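This is what each chain is made of:
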Amino acid sequence: TTINVISAPDLTPTGLAVSSSGPILSGGNISITWNDVNAGTVDTAGAFYDRVLIVNTNTGEILMNSTVLYDPAVSGNGPIPPGRSHARSTTFQLPDGTRSVGTLLVSVALDTFNQLPEYNASGTAKANNAATTTAVSTIAAYPDLQVINLGVQPIILNSGTNLTVQWQDTHS
(Lines give C-alpha, C1' and ligand atoms only; values in the text may rest on other atoms or scores of the structure.)
Protein backbone atom coordinates (compact mmCIF):
# COMPACT_ATOMS: atom_id res chain seq x y z
CA THR A 1 0.00 0.00 0.00
CA THR A 2 1.32 3.38 -0.98
CA ILE A 3 0.11 6.53 0.72
CA ASN A 4 0.87 9.85 -0.90
CA VAL A 5 0.71 12.80 1.43
CA ILE A 6 0.61 16.14 -0.30
CA SER A 7 1.48 19.16 1.75
CA ALA A 8 0.00 22.39 0.49
CA PRO A 9 -2.00 25.38 1.67
CA ASP A 10 -5.78 25.38 1.21
CA LEU A 11 -7.25 28.88 1.15
CA THR A 12 -10.87 29.39 2.15
CA PRO A 13 -12.70 32.68 2.72
CA THR A 14 -14.67 33.29 5.92
CA GLY A 15 -16.53 36.22 7.43
CA LEU A 16 -17.40 38.00 4.18
CA ALA A 17 -19.31 41.15 5.11
CA VAL A 18 -20.41 44.45 3.60
CA SER A 19 -20.74 47.53 5.77
CA SER A 20 -21.14 51.28 5.61
CA SER A 21 -20.94 54.10 8.12
CA GLY A 22 -24.74 54.40 7.83
CA PRO A 23 -27.35 52.97 5.48
CA ILE A 24 -25.96 51.66 2.18
CA LEU A 25 -26.89 54.37 -0.31
CA SER A 26 -26.19 55.08 -3.96
CA GLY A 27 -23.05 57.19 -4.27
CA GLY A 28 -21.87 56.10 -0.81
CA ASN A 29 -18.80 54.15 0.26
CA ILE A 30 -18.99 50.53 1.34
CA SER A 31 -16.39 48.37 3.03
CA ILE A 32 -15.96 44.74 2.07
CA THR A 33 -14.17 42.58 4.65
CA TRP A 34 -13.25 38.90 4.73
CA ASN A 35 -10.62 36.52 6.09
CA ASP A 36 -8.20 34.41 4.07
CA VAL A 37 -8.01 31.16 6.07
CA ASN A 38 -5.31 28.58 5.41
CA ALA A 39 -7.01 25.23 6.03
CA GLY A 40 -4.03 23.41 4.51
CA THR A 41 -0.99 21.71 5.98
CA VAL A 42 1.79 24.21 5.20
CA ASP A 43 2.26 27.98 5.14
CA THR A 44 1.22 29.96 2.09
CA ALA A 45 4.30 30.71 0.04
CA GLY A 46 4.33 33.80 -2.10
CA ALA A 47 1.96 36.54 -3.13
CA PHE A 48 -1.54 35.97 -4.48
CA TYR A 49 -4.60 37.99 -5.48
CA ASP A 50 -8.16 37.85 -4.20
CA ARG A 51 -10.88 38.98 -6.62
CA VAL A 52 -13.78 41.11 -5.38
CA LEU A 53 -16.87 41.30 -7.57
CA ILE A 54 -20.01 43.37 -6.97
CA VAL A 55 -23.04 42.79 -9.20
CA ASN A 56 -26.35 44.65 -8.99
CA THR A 57 -28.73 41.67 -9.24
CA ASN A 58 -31.63 43.95 -10.20
CA THR A 59 -29.87 45.10 -13.38
CA GLY A 60 -27.13 42.48 -13.88
CA GLU A 61 -24.54 45.26 -14.06
CA ILE A 62 -21.07 44.55 -12.72
CA LEU A 63 -20.27 47.51 -10.48
CA MET A 64 -16.83 46.34 -9.31
CA ASN A 65 -14.42 43.71 -10.58
CA SER A 66 -11.09 44.20 -8.87
CA THR A 67 -8.22 42.26 -7.37
CA VAL A 68 -6.61 42.76 -3.97
CA LEU A 69 -2.98 41.69 -3.56
CA TYR A 70 -1.82 39.66 -0.57
CA ASP A 71 1.95 40.11 -0.41
CA PRO A 72 3.65 38.26 2.45
CA ALA A 73 6.66 40.60 2.11
CA VAL A 74 4.56 43.60 3.22
CA SER A 75 5.04 44.50 6.86
CA GLY A 76 2.34 42.90 9.02
CA ASN A 77 1.51 40.18 6.49
CA GLY A 78 3.89 37.22 6.22
CA PRO A 79 2.98 33.69 5.14
CA ILE A 80 -0.36 32.44 6.46
CA PRO A 81 0.32 29.33 8.60
CA PRO A 82 -2.01 26.31 8.66
CA GLY A 83 -5.10 26.94 10.76
CA ARG A 84 -4.56 30.70 10.78
CA SER A 85 -6.12 33.55 8.83
CA HIS A 86 -5.40 37.06 7.68
CA ALA A 87 -8.06 39.81 7.65
CA ARG A 88 -8.59 41.43 4.26
CA SER A 89 -10.61 44.44 3.14
CA THR A 90 -11.29 46.88 0.37
CA THR A 91 -13.57 49.87 -0.08
CA PHE A 92 -15.73 50.87 -3.01
CA GLN A 93 -17.76 53.97 -3.84
CA LEU A 94 -21.10 52.96 -5.29
CA PRO A 95 -22.17 54.82 -8.44
CA ASP A 96 -24.55 57.75 -7.99
CA GLY A 97 -28.16 57.34 -9.03
CA THR A 98 -30.12 54.19 -9.74
CA ARG A 99 -27.21 52.09 -11.07
CA SER A 100 -26.35 50.92 -7.57
CA VAL A 101 -29.88 50.67 -6.15
CA GLY A 102 -31.12 47.18 -5.31
CA THR A 103 -29.63 43.92 -4.15
CA LEU A 104 -25.85 43.82 -4.49
CA LEU A 105 -24.23 40.40 -4.81
CA VAL A 106 -20.72 40.64 -3.36
CA SER A 107 -18.32 37.78 -3.99
CA VAL A 108 -14.71 37.11 -3.10
CA ALA A 109 -12.52 34.51 -4.82
CA LEU A 110 -9.20 33.76 -3.14
CA ASP A 111 -6.02 33.17 -5.14
CA THR A 112 -7.94 34.12 -8.28
CA PHE A 113 -4.92 33.65 -10.59
CA ASN A 114 -4.00 30.24 -9.08
CA GLN A 115 -0.61 31.45 -7.95
CA LEU A 116 -0.49 29.06 -4.98
CA PRO A 117 -0.61 25.29 -5.19
CA GLU A 118 -3.55 24.13 -3.06
CA TYR A 119 -4.61 20.73 -1.84
CA ASN A 120 -6.96 19.05 0.61
CA ALA A 121 -7.92 15.43 1.17
CA SER A 122 -11.40 15.86 -0.34
CA GLY A 123 -10.01 17.34 -3.57
CA THR A 124 -11.89 20.63 -3.19
CA ALA A 125 -8.94 22.93 -2.49
CA LYS A 126 -9.56 25.08 -5.56
CA ALA A 127 -13.35 24.75 -5.41
CA ASN A 128 -13.61 26.16 -1.87
CA ASN A 129 -11.96 29.51 -2.62
CA ALA A 130 -15.14 31.60 -3.05
CA ALA A 131 -17.76 33.17 -0.81
CA THR A 132 -20.76 35.40 -1.51
CA THR A 133 -23.06 37.65 0.43
CA THR A 134 -25.68 40.25 -0.41
CA ALA A 135 -26.39 43.80 0.66
CA VAL A 136 -29.25 46.12 -0.24
CA SER A 137 -28.56 49.65 -1.46
CA THR A 138 -31.21 52.35 -1.62
CA ILE A 139 -31.30 55.64 -3.49
CA ALA A 140 -29.66 58.55 -1.73
CA ALA A 141 -31.47 61.85 -1.31
CA TYR A 142 -30.43 64.01 -4.23
CA PRO A 143 -31.30 67.69 -4.78
CA ASP A 144 -34.62 68.23 -6.55
CA LEU A 145 -34.14 71.73 -7.94
CA GLN A 146 -37.10 73.47 -9.54
CA VAL A 147 -37.43 76.83 -11.23
CA ILE A 148 -40.07 79.21 -9.87
CA ASN A 149 -40.99 82.85 -10.55
CA LEU A 150 -39.70 82.82 -14.11
CA GLY A 151 -39.86 86.30 -15.59
CA VAL A 152 -38.72 88.18 -18.69
CA GLN A 153 -38.11 91.96 -18.85
CA PRO A 154 -39.20 93.85 -20.85
CA ILE A 155 -42.43 92.03 -21.62
CA ILE A 156 -42.62 93.57 -25.09
CA LEU A 157 -39.48 93.06 -27.15
CA ASN A 158 -38.22 95.08 -30.06
CA SER A 159 -35.30 94.28 -32.29
CA GLY A 160 -32.06 95.16 -30.50
CA THR A 161 -33.67 95.30 -27.05
CA ASN A 162 -31.72 93.78 -24.19
CA LEU A 163 -33.56 90.95 -22.51
CA THR A 164 -33.35 90.07 -18.83
CA VAL A 165 -34.46 86.64 -17.68
CA GLN A 166 -35.00 86.15 -13.94
CA TRP A 167 -35.89 83.06 -11.94
CA GLN A 168 -35.53 81.48 -8.55
CA ASP A 169 -34.26 78.00 -7.77
CA THR A 170 -35.99 76.05 -5.07
CA HIS A 171 -35.24 72.68 -3.55
CA SER A 172 -38.38 70.68 -2.93
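In this text the structure is predicted, and so the values were computed from the model without any measurement.

## A short note on the sheet that holds strand E4 (residues 62-70)
Phase 1: The strand order across the open sheet formed by four strands is E4-E3-E6-E7, and the pairing between neighbours is antiparallel. Each edge of the sheet is formed by a strand with only one pairing partner; in this case those strands are E4 and strand E7 (130-137). Neighbour to neighbour, the strand axes of the sheet diverge by 15° on average, direction disregarded.
Phase 2: Alignment of strand E3 (residues 48-56) against strand E6 (residues 102-109), held across six bridges, turns out to be antiparallel.

## Observations concerning the pattern of salt bridges
Phase 1: Under the criterion given, the structure shown has five salt bridges.
Phase 2: Between Lys126 and Asp111 there is a salt bridge, with the nearest N and O atoms lying 2.9 Å from each other. Placement of Lys126 in the loop between E6 and E7 and of Asp111 in the loop between E6 and E7 is noted, with a sequence separation of 15 residues between them.
Phase 3: In this structure Asp111 comes out as buried when scored by relative accessible area, which is 1%.
Phase 4: It is possible to trace a salt-bridge network through shared partners that takes in Asp36, Asp50 and Arg88.

## Some points on the environment of Ala127
Phase 1: Among the secondary structure elements, Ala127 is positioned in the loop between E6 and E7.
Phase 2: You can call Ala127 exposed: its relative accessible area is 67%.
Phase 3: When the C-alpha atoms of Ala127 and Leu11 are compared, they prove to be 9.9 Å apart, with 116 residues separating the residues in sequence.

## So, a nonpolar patch on the surface
Phase 1: Taken together, the side chains of Val147, Leu150, Val152, Leu157, Leu163, Val165 and Trp167 make up a nonpolar region of the molecular surface, amounting to roughly 680 Å² of accessible area.
Phase 2: At the level of elements, strand E8 (145-153) and strand E9 (164-171) are the ones that each hand at least two residues to the nonpolar patch.
Phase 3: Tracing the sequence through the fold places Val165 in strand E9.
Phase 4: Residue classification places Val165 among the partly exposed positions, given a relative accessible area of 42%.

## Looking at the side chain of Ser26
Phase 1: Looking at the secondary structure, you find Ser26 in the loop between strand E1 (11-19) and strand E2 (29-38).
Phase 2: Ser26 sits in the buried class, given a relative accessible area of 4%.
Phase 3: Contacts of Ser26, omitting those with residues within four sequence positions, involve Pro95, Asp96, Gly97, Ser100, Val101, Ser137, Thr138, Ile139, Ala140 and Tyr142.

## A short note on the sheet that holds E1
Phase 1: On the basis of which strands lie adjacent, the open sheet formed by three strands has the order E1-E2-E5 and antiparallel pairing. Of all the strands in the sheet, the pair left with one neighbour each is E1 and strand E5 (85-93). Ignoring which end each strand starts from, the neighbouring axes of this sheet average 20° apart.
Phase 2: As paired elements, E2 and E5 share nine bridges and run antiparallel to each other. Residue pairing in the sheet places Asp36 in a bridge with His86 of E5.

Definitions and cut-offs
Residues numbered from 1 in each chain as written. Predicted model: local features only at pLDDT ≥ 70, side-chain atom pairs only at ≥ 80, totals over all residues. Heavy atoms only, no water. Pairing = 2+ DSSP bridges. Helix = DSSP H or I, 4+ residues; strand = E, 2+ residues; numbered from the N terminus. Axes fitted to C-alpha atoms, helices over the stretch in contact; angles between N-to-C directions. Salt bridge = Lys/Arg side-chain N within 4 Å of Asp/Glu carboxyl O. Buried < 20%, exposed > 50% of the residue type's maximum accessible area, 1.4 Å probe, protein only. Patch = residues over 30% accessible without salt bridge, like charges linked within 9 Å, V, L, I, M, F, W, Y side chains within 5 Å. Areas by Shrake-Rupley, 256 points an atom, 1.4 Å probe, with all protein chains shown as cover. Contact = heavy atoms within 4.5 Å.

Geometric descriptors of this kind do not, in isolation, establish any biological role.
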